[in-house]
Amino acid sequence: MGLELVYERLALEQVAAENAGETVVEGTVTLPERAGEIGRALKLDATPVLSEIQVKEDKVVFEGALDLTLLYVSFHERRGARRVRDDPDGDELDEQDWSEEEEPAVEEVLETVSWRQELPFVYLLDLAGIQEGDDVETAVEVRSTAFEVRSDRVSVDVDVVLAFSARAAVSHEISVAKGVRGESAVEVERRSVRVASFLGRGKGTAEARGELGFGGRPAPERLLEVRAEPVVTEAAAEEGRARVRGHVNYAIFYVGEGGAPHYHQWTRGATFELEAEIPQSVRGAACHVDVSAGNTESRLVDGDGEQLLSVRTPLELDIQVREVKEVPVVTGLQAKEAEIAQRRQLLRILEAVGEGRLSHEEEGALDLPSGYPGIERILSAQAKAAVDEVHVLGDKVAVELSVDVDLLYVGRPQGDGGGVQTVSWPRAFELDLEIPLRGAEPGLERSVTAKVRQVQWDLASRESIDVRVLLEVEARVSRELEIDAVVEAVEVPPQEEAPPTYTYVVVRPGDTVWKLAAYYRSHPEIIVAANGWLESEESPLPVGKKVCVPRKGVSVG
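Residues numbered from 1 in each chain as written. Predicted model: local features only at pLDDT ≥ 70, side-chain atom pairs only at ≥ 80, totals over all residues. Heavy atoms only, no water.

## A few points about the overall build of the chain
Rule in force here: Think of it this way: any DSSP run of H or I at least four residues long counts as a helix, any run of E at least two long counts as a strand, and we number them from the N terminus. Atoms considered for the radius of gyration are the C-alpha atoms alone. The globule rule reads 2.2 Å times the number of residues to the power 0.38. For every residue, the accessible area obtained with a 1.4 Å probe (protein chains only) is divided by the maximum for its type, and the residue is called buried under 20%, exposed over 50%, and partly exposed between those limits. Residue contacts follow a heavy-atom distance rule, with two residues in contact if any of their heavy atoms lie within 4.5 Å. The charge count treats Lys and Arg as positive and Asp and Glu as negative. His and the chain ends do not count. Charged side chains are reduced to one point each, which is NZ for Lys, CZ for Arg, CG for Asp and CD for Glu.
Along its length, the chain carries two helices and 21 strands. Taking 24 Å as the expected radius of gyration for a compact globule of 557 residues, we find that the chain reaches 35 Å, considerably beyond that expectation. Along the three orthogonal principal directions, the C-alpha set of the chain runs to about 145 × 45 × 45 Å. The buried share of the chain, taken over its 557 residues, is 42%. Partitioning the contacts of the chain with sequence separation of at least 6, the portion at a separation of at least 24 is 78%. For the chain, the distance from the average position of its 61 positive side-chain charges to the average position of its 104 negative side-chain charges is 8 Å.

## Section: the packing of aromatic side chains
This is how the line gets drawn: By convention, a stacked pair of Phe, Tyr or Trp rings (six-membered ring in the case of Trp) has centres within 6.5 Å and planes under 30 degrees apart, an edge-to-face pair has planes over 60 apart, and any other such pair is tilted. Charges are assigned to positions over rings by a cutoff of 6 Å between ring centre and Lys NZ or Arg CZ, combined with an angular limit of 35 degrees from the ring normal.
Taken as a whole and assessed by the stated rule, the structure comprises six aromatic pairs. Here F62 and F164 contribute two aromatic rings whose centre-to-centre distance is 4.9 Å and whose plane-to-plane angle is 55°, an arrangement assigned as tilted. Taken together, the positions of F62 in strand 3 (residues 59-85) and F164 in strand 6 (residues 155-181) put the pair 102 residues apart, joining distant regions of the chain. For the ring pair Y519 and Y520, a centre distance of 4.9 Å and an interplane angle of 80° mean the geometry is edge-to-face. Following the ring pairs from residue to residue traces out a cluster consisting of F62, F121, Y123 and F164. One cation-aromatic arrangement involves K545 over W533; the distance from NZ or CZ to the ring centre is 4.8 Å.

## Considering unusual backbone geometry
With a phi angle near 55°, R268 is a residue other than glycine that sits in the positive phi range. Examined against the element boundaries, R268 turns out to sit in strand 10 (residues 261-277). Residue classification places R268 among the exposed residues on the basis of a relative accessible area of 52%.

## Structural notes on the side chain of T422
To keep things clear, this is the line we draw: Throughout this description, a polar contact denotes any pair of N or O atoms lying within 3.5 Å of each other; where both atoms belong to protein, one of them has to be capable of donating a hydrogen while the other can accept it, and for residues adjacent in sequence the pair is counted only when both atoms sit in side chains.
Considering the arrangement of structural elements, one finds T422 in strand 17 (residues 419-436). Classification of T422 as buried rests on a relative accessible area of 18%. Within the structure, T422 has its side chain in polar contact with the backbone oxygen of L42 (distance 2.6 Å). Non-local contacts of T422, meaning those with residues more than four positions away in its chain, are made with L42, K43, Y372, L407 and L408.

## Regarding the sheet that holds strand 15 (residues 375-393)
So the rule is basically this: Only when DSSP finds a minimum of two bridges between them are two strands counted as paired. Between the N-to-C directions of two axes lies an angle of 0 to 180 degrees, each axis being a line fitted to C-alpha atoms and, for a helix, fitted only over the stretch in contact.
Sheet architecture is open: three strands sit in the order 15-16-17, paired in antiparallel fashion. Since the sheet does not close on itself, it has two edges, and those belong to strand 15 and strand 17, each with one partner. Strand-to-strand, the axes of this sheet are offset by a mean angle of 15°, without reference to chain direction.

## Some points on the nonpolar core
Put simply, the rule reads: Throughout, nonpolar core names a set of buried Ala, Val, Leu, Ile, Met, Phe, Trp, Tyr and Cys residues whose side chains join them through atoms within 4.5 Å.
Of all hydrophobic cores here, the largest spans 37 residues; its most connected members are L401 and L407. Put simply, the parts of the chain that give this core at least two residues each are strand 14 (339-367), strand 15, strand 16 (396-411), strand 17, strand 18 (445-461) and strand 19 (464-492). Leave out the neighbours within four places in its chain, and L407 touches I375, I378, S380, A381, Q421, T422, V423, W425 and I465. Within the second largest apolar cluster, 34 residues are counted, among which are L44, F121, L125 and V149.

## Side note on the side chain of T331
Mapping T331 onto the fold places it in strand 13 (residues 307-334). Excluding its chain neighbours within four sequence positions, the residues that come into contact with T331 are E189, R190, R191, R344, I483, D484 and V486.

## Structural notes on the sheet that holds strand 9 (residues 241-255)
Spatially, 8-9-10 is the arrangement adopted by the three strands of the open sheet, whose pairing is antiparallel. The two strands at the open ends of the sheet, each matched to only one other strand, are strand 8 (222-238) and strand 10. For this sheet, the mean inter-axis angle between neighbouring strands, taken without regard to orientation, is 15°.

## So, the environment of P218
Summarising the element assignment, P218 is placed in the loop between strand 7 (187-213) and strand 8. A residue is classified by how much of its surface remains accessible, and P218, at 39% relative accessible area, is partly exposed. Ignoring any residue separated from it by four or fewer positions in sequence, one finds P218 in contact with Y254 and H262.

## Thoughts on the pairing of strand 12 (residues 297-302)
Examined bridge by bridge, strand 12 and strand 13 share six bridges and lie antiparallel to one another. Residue R299 lies in a different strand from strand 13, and its bridge partner there is S310. The antiparallel pairing of strand 12 with strand 13 creates a hairpin that spans four residues between the two strands, and G305 there sits at a positive phi of about 80°.

## Things to note about the pattern of salt bridges
Heads up, the rule is: Salt bridges, as used here, are contacts in which a Lys or Arg side-chain nitrogen is within 4 Å of a carboxyl oxygen on Asp or Glu.
Applying the stated criterion to the full structure yields 42 salt bridges. In this structure, R167 and E13 form a salt bridge, with 3.9 Å as the shortest nitrogen-oxygen distance. Taken together, the positions of R167 in strand 6 and E13 in strand 1 (residues 4-30) put the pair 154 residues apart, joining distant regions of the chain. For the salt bridge of E108 with R40, the shortest nitrogen-to-oxygen distance reads 3.2 Å. Of this pair, E108 sits in strand 4 (residues 98-126) while R40 sits in strand 2 (residues 40-56), and the two are 68 residues apart along the sequence. One salt-bridge network, in which partners are shared between bridges, spans E13, E137, R167, R201, D318 and R322.

As structure tokens, then:
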């Protein structure tokens with residue numbers, strides 16, 4: 001049995017079930033007793049906090065509650081003074097002709113109020129085919145928020161749209177024959193397949209810490225909002241482990257001296273690093289990293305002659321390692337001077353057709369909606385991208401997406417207007433982008449993500465702004481293949497004229513029931529029947545064990 005197939009083991013992932021759905025979480029929240037009444041609500045942020053995920057038969061149950069943060073303006077009456085002329089009919093003005101009298105005035109005070117796990121939710125997502133205890137990847141995110149302040153000025157009705165998704169993937173290993181060793185005269189037919197072999201995943205926690213200076217800008221008297229955006233800058237797979245490095249960008253909204261609102265950003269404000277054990281990881285494999293930031297702890301501290309913002313952000317990381325490579329799969333063997341028996345099997349393999357990435361900058365002017373005061377000073381702008389449609393075409397992926405833009409600004413005083421304002425432009429930009437991707441064709445499976453990496457803004461006029469949004473769009477395309485592959489092969493010697501009734505064979509490395517049956521022109525089921533210790537045709541053969549092979553009167557069918 002000199003002919004020997006060379007195998008490669010592949011760890012493949014197959015999606016067993018996936019689904020997504022949305023629900024609306026409604027409720028009413030009330031300001032704490034010491035908080036000022038709501039004069040003008042600016043914006044409401046919502047964060048879902050999952051307390052439990054239950055995987056049951058054909059469904060996933062999400063349980064949790066919403067963290068809410070409201071930014072608003074409260075109106076406080078204060079006593080001011082104005083100078084009045086005591087003798088308006090006098091011809092000459094002396095200092096004694098003037099006096100001061102009290103005049104009531106209203107000032108705007110920016111405030112934030114947070115509610116932790118205030119609005120509970122339970123959502124059941126159908127996921128056909130899964131069983132209790134199965135490993136399921138889940139995600140929940142906020143699609144939109146809406147709110148309305150009641151007439152009592154202390155209660156807020158809240159509507160939050162949550163999007164849920166779940167995906168169950170089955171990992172399994174297969175061995176594919178990729179070549180032949182020991183027989184130079186054998187012609188080998190192969191089919192090359194690009195495969196993303198799943199090597200495992202690792203999870204871990206990290207922490208970003210830093211002290212951030214204001215660079216001469218006004219220091220905060222009161223912090224209103226702190227935002228942390230983690231960015232992965234390096235993800236490397238090593239032998240048995242993966243290493244991730246990155247930084248956190250910070251942005252704060254605060255009140256400075258005299259009650260003036262300010263917004264400030266730091267890029268690379270703090271760094272983080274994590275090393276996770278992934279036993280099957282190999283050097284050079286591709287790492288996909290999801291990182292999420294928890295609530296940032298922040299406080300003002302004294303530095304060298306200036307105040308600093310001390311930040312501490314907990315991070316959760318999920319690392320998946322895959323090795324993408326071309327694998328030749330043996331589909332046939334031929335030899336002019338020898339008989340080769342071949343066992344075939346229909347292999348189902350998810351082929352990784354390709355991946356593509358596109359960075360795109362979109363620029364445009366946005367006009368304030370009617371009724372908003374003119375812009376005195378821009379504080380910040382934020383943007384969020386959503387994928388609407390995806391079409392796989394010849395050697396490219398066409399993506400239709402939209403970008404929402406939110407603006408925080410100081411309005412020009414006019415009548416009852418002015419002060420800090422928020423304005424939103426849903427679907428401010430609608431884009432059609434094409435990602436070049438060799439091998440793409442209609443009908444293939446695809447996965448597309450779009451993220452806003454950076455937002456820049458300029459004041460174009462008192463009623464409009466120029467916005468530049470840097471987008472990063474990634475696409476992956478795959479197809480499921482069925483390959484009639486050779487999984488076992490053996491060179492069969494010439495037929496003996498008078499074979500013995502039985503042949504006893506000492507098992508050598510690589511021997512299987514099928515190989516012994518093919519080599520000695522027997523049948524696997526007959527060998528199993530003749531050896532009581534064998535349970536089936538797939539039973540492994542211990543090296544050195546003696547096997548009885550019935551031969552007389554048996555022919556290979």
